[in-house]
Every structure is written in C-alpha cells, then in structure tokens.
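Now for the letters of each chain:
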Amino acid sequence: MRRRPTFLLSILSFGFAFLYVPILSMVFFSFNASRLATVWGGFSTKWYGALFANKQVGEALLLSLKIAIVSSTVATILGTLAGIALVRFTKFRGRMLFSGLVTAPLIMPEVITGVSALIFFLLLASWIGWPSQRGFTTITLAHITFSMVFVTTIVQARLLQSDQAIEEAAMDLGSRPWQVLVDITLPVISPAILSGWLLAFTISLDDVVITSFTTGPGSTTLPLLIWSKVKLGVTPDINALATLMILCVGIGVAISGVVMNRAEARRLADERLAYRSQA
Amino acid sequence: MGWFHRRGWRDLIIGLPYLWLVVFFLLPFAIVIAMSVATKTPTAPPFSFGGAQPWVNIETYHRLISEPLYLRAFLISIVNAAGTTLFCLLLGYPMALALTRVSRSARNILLMLVILPFWTSFLLRVYAWMGLMGKSSWFNAGLTEVWNWLVPVSWAVKSLPMMHSNFAVVLVMVYTYLPFMILPLYASLERLDPTLDEAALDLGSRPWQVFLDVTLPQSMPGIIAGGLLVFIPAAGELVIPSLVGDASTPMIGRVISDQFSQARDWPMASAVAVALLALMVGPTMLYSHYQARAEGAK
C-alpha cells in the first residue's frame, strides 16, 4: 500500500496558492475605498462606478470584441481548411512548406510576428497605397494569421482520430460531395471547430504585442488600454476591470461545463437507445 | 475517394489557407530577413538596398556581434528564460505528479483550476503581481517582516525592492507560464504504469530511487515539451520585462521593439529578430528529435 504523498500534496497546495493568491488579491482590492491599490481603506464599489463612467473602456471593449469576432471566424474557416488539407491530402506540391507554415507561427515569438507584420503593412502602404492607415483592418489581418494555426492544430487532431471510411461509404452510396461535407465531415469535426473558434477568439481578445505593432491612431483595443494604464502604475479601477473579466470567464466556464455535461449525457443516452434497439 | 478529392474542392481547400499564410506570414517574414541586410537611411521608409553600400550589407550583423548591448541582451534573455524554465519545472513537476495521485473527481477540478488562469487576461495576471510586489502592498510588507526576522539587523529593510528587477521578471514569467509546464508533464506522468513503481519498491528500491530510476526517465518527453513551451515564449517575452523589469537589464524582445519604434533602425530590429529565431532553432530541433524518437519507440 502506498503512503499518502504528503510532500507532493503540500507542494500542490503551495502551487495553487501561488496561482490564485494574486488573482484573489486583485478581486479583494477592487472593493477597496482607498486610492492605493493594495492598502485596505474600507469597503466601496466606487471603482466599478468609475469604470462604467469611463467611455474609453466601453469603446475599447467594443473594438476588441469586433476584432475578436471577425478574426476568429475567418481564422476558423481558414484553419479548418488547412487542417482538412493536411490530414486528407497526403501528397500535393508544396506540402512540406505548407506544414511548415502551419507550425511556424506557433513557435514564432510574438515580437517578431508583430514587427514583421508592421514592416509588411508599412511597405505595402508605400508601394500600393494600402493600407492607408493602420487600425481595425490591419489588426484583424494579423490576428487571423496567428490564430488560424491554433484552429488547424485542433481540427487536425480531431480528423486524425476520425474514420475516413464513413466519408468514402457515403460517396459510394451516391452522396454528392457537398452532402458528404455537410452531413458527415463537418458534424464529425464540429466540436474541434467550436473549440478552435473559442481559442482563436480568446487569443485575439487577449493579445497585446501583435496588436500594439499593427494598431494605428484611434484604434485602442481593451488590452492596449489596460497596457497604457498599467505602464503608469497600479490603479484601483483596473482591479475592478479584472474582477469583472474573471466573473465573465467564470460564468462562461460554468455554462460550457453544463452544456458539455448535457451533451455527454445525451450522447450516452443515444448510445444506450441504439444498443437496445439493436438487441 | 472522399468529396474533398474532387479537383475544384481540393484546390480551394489547399489553396485558400496556403495563399493566406504565404501572403501574411511568409512574405512579411521574408521581408524581415531581407531587411536585416539592408542599409539604414534617414529616408522614409528608413532603409535602402544598394546605393553607396553593397546590396547585401552585413554591417548590421557585424554590429550585432561587436556591440555589447546586443550580446548582453541575448545573455539576459537566455538566463531569464532558462531560470524561468527551471523554476517552472521544480514547481510544476511535483504538482503534476501530485495530480496523478489524487482521486479522479478531484483531479478534473484541479486540472480545470490549472487551465483557468489561461482564460483570464494575460496582462491582468502580470498586473496582479505588480500590485503584490509594490512597496505598499500587504504581500511585500509580509515578506519584508520575514526577511527582517531572518537576517542580521544591519541588513533590515523597510520594504523589499521587488519591482523593476530581474527577479520580478523571472517570478512573473514563472507565474504566467507555469500551466504550460504542468499540462504536458501531467499528460506524460498520467500514462505511466503504476505497477512499475510497485515492482521497483517490492524489489527493495527506496522511494527516491524509484523516482530517479523509474518515474523521471519515463517522463522525459513531458519535461522536454513543457520546457520548450516555457523557454520559447519566455526568451522572446516583451510585456513582462517592460512592466516589471529593470530598464538597465533589457531582454531581447525589448531591444527589437526599441530598435524598431524608437531608434527607427529597421535593419537592426530585423537582424536581432533573425538572431532570436536562430536561438529558438536549437531547442526546437531537440524537441522534434525527442518526438521522433518517442514515435519510433511505439
């Protein structure tokens, strides 16, 4: 019989304290009446009031959401196509380069991606006059490029697990190509597409470095706004903002947990039903 | 033959993402490589090929090697990234191992808790530490008391100078990258066969010998994967050093960004970027070498 791993469990507790104490401290001090961000001066919700009164924050959030929705949707389409291409076509001209291009952005330091995107856009502007100014379009283009490869990775993994014979059987039974796509391939990889979209969305919403290189005057995303405030030091309204974001993430995770549990339960019930009707 | 093998579909499926990546990833990157051998000029855009200088001007690379600023930034980046990787491993390994020893239901919740910080803003996680390390914070005050109690009176301080130091950079990098280390370690430790441990114990090994001879070698792929996932972003980190770091110990990401936007030296920014990528090639090759060996063993 194995001993209780006391040593390991105490390090585990320490590790979780390390991960969560800073976050909890931030939440706690968001209700602080004092101007100093980490010295307690009584309970207050005034920083939330200040946050909601700040028009910049709302505008920045809106811009971030717009960019994240557009870029993650395009990235999901392109990334899914790339995933299908790499798994289903084992031979085509330039496949080596293609698979390299799909992996490289994953390990490329963000600074380099950012600088190269900016140089690219600046040169394009001086050669063909487009983009005349940087902002929504350039940020979105850059976000699509570096988040699509994450979608590809996820879709690729899912496709590798799935059975290609089902698609072939459908074709043999007379399905048209688009029917196979809609009825079989997409439903099989749809969980991967969904998680790919979510990942691309989060990456875009959270990005600072690449956005800071591809943005222009007047286009401040939420992370850029936080970045410029935080550079000047610790301010209590950021605590309030952090708390609200953590709340949103918590709710999101709880909902997705419930949905996934339901889907799992339904799948099990379906399987049981199918089994019984066979027997 | 699947639907996707029809000619038109095939071209579309391959062509669209391929074209996108070539235009928006490969081309900008090729421009950066070309830029690193261009000549800096006071024009706009601030570079030229040819003119009084040779078409391929390697002067920038010469400066990169000879001027101590760049070499120093590289060394600082490597040391900080290696330190971050080491501390992540020292903390993450026992955590991952502990996760394999708790009950299944607890494990799922704890794994969720490891991933959860990923979904909250990266900047705000850095910001949380700026608050804790600041001179007036409860955390700094508490640590200061411990410090003053431990050391001789002459070393006593009013508050620990944690912010704007290399220490702060490594601490915050360990904090933000720790999940990258735990997850692959957990994945490789979870697959291990517990009967091997028991066999070694039955045959008279001491627990630490079992760890060194059985567990550790088998978890090597996890260590390599986790190490790479931490080292690579840490070496190129820009946000953390500029928020909690010390301006006198710049990391390479900062140098690239400053050369580009402040000195407006595009060739130098590009050359440093190329050199940083060259630095990444070694660890990546090591990783694929291990991957290939792991797959060969299957």
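Rules and cut-offs
Residues numbered from 1 in each chain as written. Chains lettered and ligands numbered in written order. Predicted model: local features only at pLDDT ≥ 70, side-chain atom pairs only at ≥ 80, totals over all residues. Helix = DSSP H or I, 4+ residues; strand = E, 2+ residues; numbered from the N terminus. Rg over C-alpha atoms; globule rule 2.2 N^0.38 Å. Buried ≥ 20, exposed ≤ 12 C-beta atoms within 10 Å, placed from the backbone. Contact = placed C-beta atoms within 7 Å. Nonpolar A, V, L, I, M, F, W, Y, C, P; charged D, E, K, R; others polar. Axes fitted to C-alpha atoms, helices over the stretch in contact; angles between N-to-C directions. Left-handed = near helix turned anticlockwise from the far one by under 90°. Parallel < 35°, antiparallel > 145°, perpendicular 65-115°, else oblique. pLDDT = per-residue confidence, 0-100. Expected span 1.5 Å × (residues − 1). Bend = angle between axes of the 7 residues up to and from the residue. Core = buried A, V, L, I, M, F, W, Y, C linked by C-beta atoms within 7 Å.

Draft legend 1. The overall build of chain A, seen in detail. When helices and strands are counted, chain A shows 11 helices and zero strands. The order of α-helices and β-strands along chain A, N terminus first, is α-α-α-α-α-α-α-α-α-α-α. The C-alpha radius of gyration computed for chain A amounts to 24 Å, which surpasses the reference 19 Å derived for 279 residues by more than 25%, pointing to a less compact arrangement than a globule. Here the C-alpha coordinates of chain A stretch approximately 70 × 70 × 40 Å along the principal axes. Taken across its 279 residues, chain A has 40% of its residues classed as buried.

Draft legend 2. Representation of the interface of chain B and chain A in the model. Between chain B and chain A, the contact holds 68 residues from the first and 68 residues from the second. Among the elements that take part in the side of chain B that touches chain A, helix 1 (residues 7-35) of chain B stands out by supplying 18 residues, more than any other. Each residue belonging to the side of chain B that touches chain A can be placed in one class, and the counts come to 54 nonpolar, 11 polar and three charged.

Draft legend 3. Up close: the packing of helix 3 (residues 68-99) of chain B against helix 10 (residues 220-235) of chain B. Residues and elements named next belong to chain B. Relative to each other, helix 3 and helix 10 sit at 140 degrees, their axes nearing to 9 Å. Pair helix 3 / helix 10 crosses with right-handed handedness. Across from Ser77, Ile78, Asn80, Ala81, Thr84, Thr85, Cys88, Leu89 and Gly92 in helix 3, the residues of helix 10 making contact are Ile223, Gly226, Gly227, Val230, Phe231, Ala234 and Ala235. Here the contact of helix 3 with helix 10 is built from residues that sort into nine nonpolar, seven polar and no charged.

Draft legend 4. A look at the packing of helix 4 (residues 104-119) of chain B against helix 7 (residues 166-190) of chain B. All names here are of chain B. At their nearest, the axes of helix 4 and helix 7 sit 9 Å apart, and the two run at 140 degrees to each other. Considered as vectors, helix 4 and helix 7 are oriented oblique to each other. Judged by the twist between their axes, the crossing of helix 4 over helix 7 is left-handed. Here Val114, Ile115, Pro117 and Phe118 of helix 4 lie close against helix 7, whose contacting residues are Pro179, Ile182 and Leu183. The residue makeup of the contact of helix 4 with helix 7, split by class, is seven nonpolar, no polar and no charged.

Draft legend 5. Expanded view of the confidence of the model for chain B. The predicted model of chain B averages 89 in pLDDT, with 96% of residues at 70 or higher. Under the prediction, the complex receives an ipTM of 0.89, its pTM being 0.90.

Draft legend 6. Quick peek at unusual backbone geometry. Going from Trp130(A) to Pro131(A), the amide bond is cis rather than trans, its omega being -5 degrees. Even without glycine at this site, His164(B) takes up a positive phi of about 55 degrees. Among the secondary structure elements, His164(B) is positioned in the loop between helix 6 (138-150) and helix 7. In this structure His164(B) comes out as partly exposed when scored by C-beta crowding, with 17 C-beta atoms within 10 Å. A positive phi angle is found at Arg264(B), which is not glycine, with a value near 50 degrees. On the secondary structure map, Arg264(B) appears in the loop between helix 12 (252-261) and helix 13 (266-297).

Draft legend 7. Molecular detail of helix 3 of chain B. Across its 32 residues, helix 3 of chain B extends 45 Å between first and last C-alpha, which sits within 8% of the 46 Å expected from 1.5 Å per residue. Along its length, helix 3 of chain B reaches its greatest deviation from straightness, about 30 degrees, at Gly92(B), and the proline Pro94(B) lies no more than four positions downstream.

Draft legend 8. Quick look at the nonpolar core. Counting residues in hydrophobic clusters, the biggest one holds 140 residues, and the most contacted among them are Val115(A), Val126(B), Trp129(B), Val172(B), Val244(B) and Val272(B). Broken down by element, this core gets its largest block of residues, 16 residues, from helix 7 of chain B. If near-sequence neighbours (up to four positions away) are discounted, Val272(B) is found in contact with Leu64(B), Tyr70(B), Ile252(B), Val255(B), Ile256(B) and Gln259(B).

Draft legend 9. Region of the structure containing the environment of Gly83(B). Structurally, Gly83(B) can be placed in helix 3. Each C-alpha atom of the pair Gly83(B) and Leu229(B) lies 14 Å from the other, and the pair is 146 residues apart in sequence.

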